[in-house]
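Listed below are the residues making up each chain.
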Amino acid sequence: MAFALALTAASACRPATTATLGDDVRARLSAEGILHQADDLTFRYTVGAGKSNAAWEDRRASIVVTRSSVLIHKGAKVGVDARAGDGAFSVERAGVRIRIRTGKGRASEIWSFEPPSDPAGWTADIRAAIRPH
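Residues numbered from 1 in each chain as written. Predicted model: local features only at pLDDT ≥ 70, side-chain atom pairs only at ≥ 80, totals over all residues. Heavy atoms only, no water.

**Re the overall build of the protein**
This is how it is decided: Every helix listed is a DSSP run of H or I at least four residues long, and every strand listed is a run of E at least two residues long, numbered separately from the N terminus. The rule is simple: take the accessible area with a 1.4 Å probe, protein chains only, and divide by the maximum for that residue type; under 20% is buried, over 50% is exposed, in between is partly exposed. Contact criterion: two residues are considered in contact whenever any of their non-hydrogen atoms come within 4.5 Å of each other. To measure how exposed things are, a 1.4 Å probe is used in the Shrake-Rupley method; for residues, cover is taken only from the protein chains shown.
Along the protein, the regular secondary structure elements total 3 helices and 7 strands. Listing each helix as α and each strand as β along the protein from the N terminus yields α-α-β-β-β-β-β-β-β-α. A burial count over the protein gives 34% of its 133 residues as buried. Summarising the internal contacts of the protein: among those between residues at least 6 apart in sequence, 54% fall at separations of at least 24. Summed over its atoms, the accessible surface of the protein is roughly 7,700 Å², and 54% of this surface lies on carbon and sulfur atoms.

Now the structure itself:
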């Protein structure tokens with residue numbers, strides 16, 4: 001009985017998954033051809049990188065990389081929706097960490113994460129997804 005209560009309490013403390021997507025978004029991503037997907041990762045979200053007033057926080061989210069887009073989301077809440085040819089995004093890699101930069105100047109944000117495997121492959125596919133076709 002005590003074990004069942006402890007197990008129930010532990011699962012109640014665990015946050016819900018960030019991977020849930022609406023049917024329309026899931027259909028769009030499937031049609032684009034999913035190359036990589038990772039759920040419930042910890043992203044380091046940075047605003048104002050390189051500035052004296054820069055701030056960051058860790059955020060739990062999911063990522064889907066297709067042949068023509070990159071989506072970072074927490075369920076229906078979208079953090080990044082980078083599409084092919086959108087010049088407002090850049091990608092860089094440092095070791096196993098991948099950084100996706102959005103915007104420019106004071107409006108820039110960085111979403112960095114460690115993919116579950118093959119950082120070089122993830123980086124190449126993210127770059128290809130947002131490159132003009």
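**Quick notes on the nonpolar core**
Operational definition: Working definition of a nonpolar core: buried Ala, Val, Leu, Ile, Met, Phe, Trp, Tyr and Cys residues. They are joined through side-chain atoms within 4.5 Å.
Counting residues in each nonpolar core, the largest one holds 21 residues, and the members touching the most others are Ile-63, Val-70, Ile-100, Phe-113 and Ile-126. For this core, the secondary-structure elements that each account for two or more residues are strand E1 (34-47), strand E2 (55-66), strand E3 (69-74), strand E4 (77-83), strand E5 (89-94), strand E6 (97-102), strand E7 (109-113) and helix H3 (119-130). Once residues lying within four places of it in the same chain are set aside, the contact partners of Ile-126 are Val-65, Val-70, Val-91, Ile-98, Ile-100 and Phe-113.

**Looking at the layout of surface pockets**
Stated precisely, the cut-off is as follows: Here the term cavity refers to a set of points on a 1 Å grid, laid over the protein atoms alone, in which a 1.4 Å probe fits but cannot get out; the term pocket refers to an open set having protein on both sides within 12 Å along at least five of seven lines, with lining residues being those that place an atom within 4 Å of a point. Grid points are joined across faces, edges and corners, and a volume is the space filled by probe spheres set on the points. The residue classification treats Ala, Val, Leu, Ile, Met, Phe, Trp, Tyr, Cys and Pro as nonpolar and Asp, Glu, Lys and Arg as charged. All others, Gly included, are polar.
In this structure, the largest pocket encloses a volume near 170 Å³. If you go around the largest pocket, the residues you meet are Arg-59, Arg-60, Ala-61, Ile-72, His-73, Lys-74, Lys-77, Val-78, Gly-79 and Trp-111. At the level of elements, E2, E3 and E4 are the ones that each hand at least two residues to the lining of the largest pocket. Across the lining of the largest pocket, the residue classes tally to 4 nonpolar, 2 polar and 4 charged.

**A look at the packing of aromatic side chains**
Keep this limit in mind: Classification of ring pairs rests on two measures: the distance between centres of Phe, Tyr or Trp rings, Trp counted by its six-membered ring, which must be within 6.5 Å, and the angle between planes, read as stacked under 30 degrees, edge-to-face over 60 and tilted in between.
Considering all chains together, one arrives at 4 aromatic pairs under this definition. Centroid distance Phe-43 to Trp-111: 6.0 Å. Interplanar angle 75°. Geometry classified as edge-to-face. Here the residue Phe-43 occupies a position in strand E1, and Trp-111 occupies one in strand E7, the gap between them amounting to 68 residues. An identical accessibility class is assigned to Phe-43 and Trp-111; each is buried. Taking the centre distance of 5.7 Å and the plane angle of 70° together, the rings of Phe-113 and Trp-122 count as edge-to-face.

**Focus: the sheet that holds E7**
The strands making up a sheet are joined through hydrogen bonds of the backbone, oriented either antiparallel or parallel. Heads up, the rule is: Following DSSP output, two strands are said to pair if at least two bridges run between them. In this analysis, axes come from line fits to C-alpha atoms, helices being fitted only over the stretch in contact, and the angle between any two N-to-C directions falls in the range 0 to 180 degrees.
Spatial ordering of the open sheet is given by E4-E3-E2-E1-E7-E6-E5, a layout of 7 strands whose pairing is antiparallel. Every interior strand has two partners, whereas the edge strands, E4 and E5, have only one. Averaged over neighbouring strand pairs, the angle between their axes works out to 30° when direction is ignored. Both E1 and E2 contribute to a ladder of 11 bridges, which runs antiparallel. Looking at E2, one finds that Arg-44 is bridged to Asp-58. Helix H2 (residues 23-32) rests against E1, E2, E3 and E4 of the sheet, and its axis sits at about 150° to E3. Against the sheet, H3 engages E1, E2, E3, E4, E5, E6 and E7, with an angle of about 170° to E5.

**Concerning the confidence of the model for the protein**
We apply this condition: For every residue, the predictor assigns a confidence score, pLDDT, that lies between 0 and 100.
Confidence in the prediction of the protein, expressed as mean pLDDT, is 88, and 86% of residues score 70 or more. Between residues 2-11, whose pLDDT stays under 50, and residues either more than four places distant or in other chains, the model counts 0 contacts.

**Quick notes on unusual backbone geometry**
At Asp-40, a residue that is not glycine, the phi angle is positive and equals roughly 60°. Mapped onto the elements of the fold, Asp-40 is located in strand E1. Here the phi dihedral of Asp-118 falls at roughly 45°; this positive angle occurs in a residue that is not glycine. Turning to its location among the elements, Asp-118 is positioned in the loop between E7 and H3. You can call Asp-118 partly exposed: its relative accessible area is 44%.

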